[in-house]
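So you can see what is in the structure, the chains are spelled out below.
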Amino acid sequence: MSIKVLPPEISNQIAAGEVVERPASVVKECVENALDAKATAIEIHLYDGGKQLIKIVDNGVGISQTDLPKAILRHATSKIATSEDLFHLQQYGFRGEALAAVASVSDFTLLSKTPSAEDAFSLQGQAGVFEEVSVSSANDGTTVIVENLFTPVPARLEYLKTDEAEYRACLKEIYGFALANPNVSFTVFKADKKRLDYPSTTLEDRVRQVLKKTSEGLCPVNFEMPNLKISGFTSEPGKGLSNKNQQYLLVNGRRIEDHRLAYAVREAYVQSAGIEKHLFPAFVLHLTIDPILVDVNVHPRKLEVKFAEPSEIFSAFKTAVIKALENVSYQSSKNDFPRNEGSRSLATENARSLLPSRNPMMPGDTFKSQNLTSKIALPSFADRNQALNSFNVSVTENHVFEAQDESIRLIGQADNKYIVAQTASGIYFFDQHALHERQRFETFWQDYKNSPITQQPLLVPETVSLPEDQVSLLHQYQTVLTKLGFSLDFKADDTVEIRGVSDLLVGQDLAVVLGQCVSFLENEKIGENVTDQIMRKLLEYKACRGAVMFGDKLEVAEMEKLIQDFDSTDWKLLCPHGRPNHHFVPFAELDGYFHR
Ligand code: ADP
Ligand code: MG
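All of these numbers come straight from a predicted model, not from anything done at the bench.

S.K.: Explain the site of ligand 1 to me, using residue names and the numbers behind them.
M.R.: Around ligand 1 sit 19 residues, and of these Asn33, Thr77, Ser78, Lys79 and Gly96 come closest. Thr77 is positioned such that a nitrogen or oxygen atom in its side chain is 2.5 Å from an oxygen atom of ligand 1. Contact distances for ligand 1 include 2.9 Å between an oxygen atom and a backbone N or O atom of Leu99. Protein chains shield 92% of the accessible area of ligand 1, which is 530 Å² for the free molecule. Elements with a minimum of two residues in the shell around ligand 1: helix H2 (23-36) and helix H4 (98-104). Considered class by class, the residues forming the shell around ligand 1 number eight nonpolar, seven polar and four charged.

As structure tokens, then:
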């Protein structure tokens, strides 16, 4: 067969395979173009999830009559002139192929008016074959209409999901742009119904518009290094979600997907406040970085980027989030036991969070000031009622707690599970196990961080049987395990003999300890510093195993010690695994309950 150069409509259709995957890709490319054209208002119409029709109307600078036919040519762009420009991009677009690609697989209309022209002009085509430019009428700006997407390449239709799923995917793109451009208004119509209306606003408010209820449990992130800045919002400790749908990573205004960075954010919780296994933080995090340090031209749909220093960015995200969480769990909670009634205490914060509706945010207000309040969600009145009924409180002799700060007083233990104590402003219910577990963990962690690991040889080596693939995994990570103090002897393909362990792990069930190492190595190890990550898991286990149990009867002195230590615990809100360890009920709330 002789070699032929393909006509442009066919080569464009082939190229479109990379750029246009589904209706959401069209939305993405067209909204990018509208933003690049400095639009301040963008309207998106979707019929049948965008399969039947996508119409995007902007009020940007428009396309002139002479440029109109060029806009739909492949590799035709007004945004870059040299390859050097790729490293100083100020705009979303640069490949000059989106419109050509979209037009080649749809019935396509481009209608535009520049402010200086008297008329609007339009260009229409089917499957990439265009008619002449014709005079039309329209407001300043551009309208792109994409009908019958993929009809010219029916095989592609097979890959589309339901209308609703495609509509959701379009929304996800729009949310990303909306978060990156709060000053632009976005309106979405599903068929003829207006489904979303975001007027131009501040970032805080836009986060509220997009994340809705989730935005009530966010804390601000602000972190700067010499060549980068990370800002935005992330879930408060204890406010994770059961899915990753509310995670937005923006790099210089571009939403990207990067599972390593999303992992870094979650890792920040694991390594600080704690997060339950099945939960994921919600976040909107914007990385501003010198464009020279990030290559956006590594993915046809520009969904991924490549960083010059990926591990530096990973740690920056982790540090940024840990610092943000510190502000909620750590520094602010130093005031948990108010020394002086006049100071703004947790109690007043909590009382404020019970107001039925949130006041609109005032200029200069941050999420922090409004949301520090909702540290741990308070149960509904019905729940509380039930909880109070079932209490079986063993009251101590009105014992006054004699810590250096005299403002917390032990009331007693309830049901051998909860320690109840009061301050001037309310009542604490501590989960005795979770509280003790957090305190023990912090002590062990400090020991690990502050002194080198010393290996303790076992008098009687312990033999552990494991499946062969697990033994080989341990073998592969032997250097890491040796750093952690393990002395392992690989006797057979399915047996490991433990000859020594770190002094921190003496007395633990070593078969379980080794099992935990395996499960970590099998499932995670994506983050940095694998040694720290494994030791953390092992010490969490140790903290849990030796802590007072939920159900143990405690002596007054034991409870006092736990409460006293609570005040000096760093990450005091949650247990190391991310469950709440206390619940505070302000008197103001009790008063309200009793109609006082
Ligand atoms: P790119 O965005 O990479 O330049 P596109 O194929 O998306 O490539 O667009 C081609 C050109 O068409 C753009 O460079 C721009 O000049 C013009 N264009 C496309 N959409 C719009 C719009 N909504 N407003 C103004 N100009 C547009
Ligand atoms: Mg473009």
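S.K.: Please set out the environment of Thr142 residue by residue, giving values where relevant.
M.R.: In this fold, Thr142 is placed in strand E7 (residues 141-147). The buried category is assigned to Thr142, whose relative accessible area is 8%. Considering only alpha carbons, one finds Thr142 and Ala34, 108 residues apart in sequence, at a separation of 7.7 Å. A polar side-chain atom of Thr142 sits 2.8 Å from a polar atom in the side chain of Ser112.

S.K.: For the sheet that holds strand E10 (residues 218-225), give the residues involved together with the corresponding values.
M.R.: The strand order across the open sheet formed by five strands is E10-E11-E14-E12-E13, and the pairing between neighbours is mixed. Across the chains shown, the open sheet's two edge strands, defined by having one partner strand only, are E10 and strand E13 (254-256). Ignoring which end each strand starts from, the neighbouring axes of this sheet average 20 degrees apart. The pairing of E10 with strand E11 (residues 228-235) spans eight bridges and is classified as antiparallel. Paired with Pro220 across the two strands is Phe233, which belongs to E11.

S.K.: For the sheet that holds strand E23 (residues 495-502), give the residues involved together with the corresponding values.
M.R.: One open sheet holds the three strands; their spatial order is E21-E23-E22, and the pairing between them is antiparallel. Each of the sheet's edge strands pairs with one partner strand only, and the pair in question is strand E21 (455-465) and strand E22 (487-492). Between one strand axis and the next, the sheet turns by 15 degrees as a mean value, whatever way the strands run. Inspection of the sheet shows E22 paired to E23 by four bridges, in the antiparallel sense. Residue Ala492 lies in a different strand from E23, and its bridge partner there is Thr495. Against the sheet, helix H16 (residues 510-523) makes contact with E21, E22 and E23, and its axis sits at roughly 75 degrees relative to E21, the strand it touches most.

S.K.: Residue-level account of the layout of surface pockets, with values.
M.R.: In this structure, the largest pocket encloses a volume near 1,200 Å³. Taken together, 38 residues make up the lining of the largest pocket; nearest its centre are Lys244, Gln247, Arg266, Lys277 and Phe280. Within the residue set of the lining of the largest pocket, elements represented by two or more residues are helix H6 (163-180), helix H7 (203-211), strand E12 (247-251), E13, helix H8 (259-270), H16 and helix H17 (530-546). With six residues, H8 is the single largest residue contributor to the lining of the largest pocket. Residue classes in the lining of the largest pocket are distributed as 16 nonpolar, eight polar and 14 charged.

Definitions and limits used
- Residues numbered from 1 in each chain as written.
- Chains lettered and ligands numbered in written order.
- Predicted model: local features only at pLDDT ≥ 70, side-chain atom pairs only at ≥ 80, totals over all residues.
- Heavy atoms only, no water.
- Near = heavy atom within 4 Å.
- Polar contact = N/O pair within 3.5 Å; in protein donor to acceptor, adjacent residues only side chain to side chain.
- Areas by Shrake-Rupley, 256 points an atom, 1.4 Å probe, with all protein chains shown as cover.
- Helix = DSSP H or I, 4+ residues; strand = E, 2+ residues; numbered from the N terminus.
- Nonpolar A, V, L, I, M, F, W, Y, C, P; charged D, E, K, R; others polar.
- Buried < 20%, exposed > 50% of the residue type's maximum accessible area, 1.4 Å probe, protein only.
- Pairing = 2+ DSSP bridges.
- Axes fitted to C-alpha atoms, helices over the stretch in contact; angles between N-to-C directions.
- Contact = heavy atoms within 4.5 Å.
- 1 Å grid on protein atoms, 1.4 Å probe; cavity = no way out; pocket = protein on both sides within 12 Å on 5 of 7 lines; lining within 4 Å.
- Points joined across faces, edges and corners; volume = space filled by probe spheres on them.

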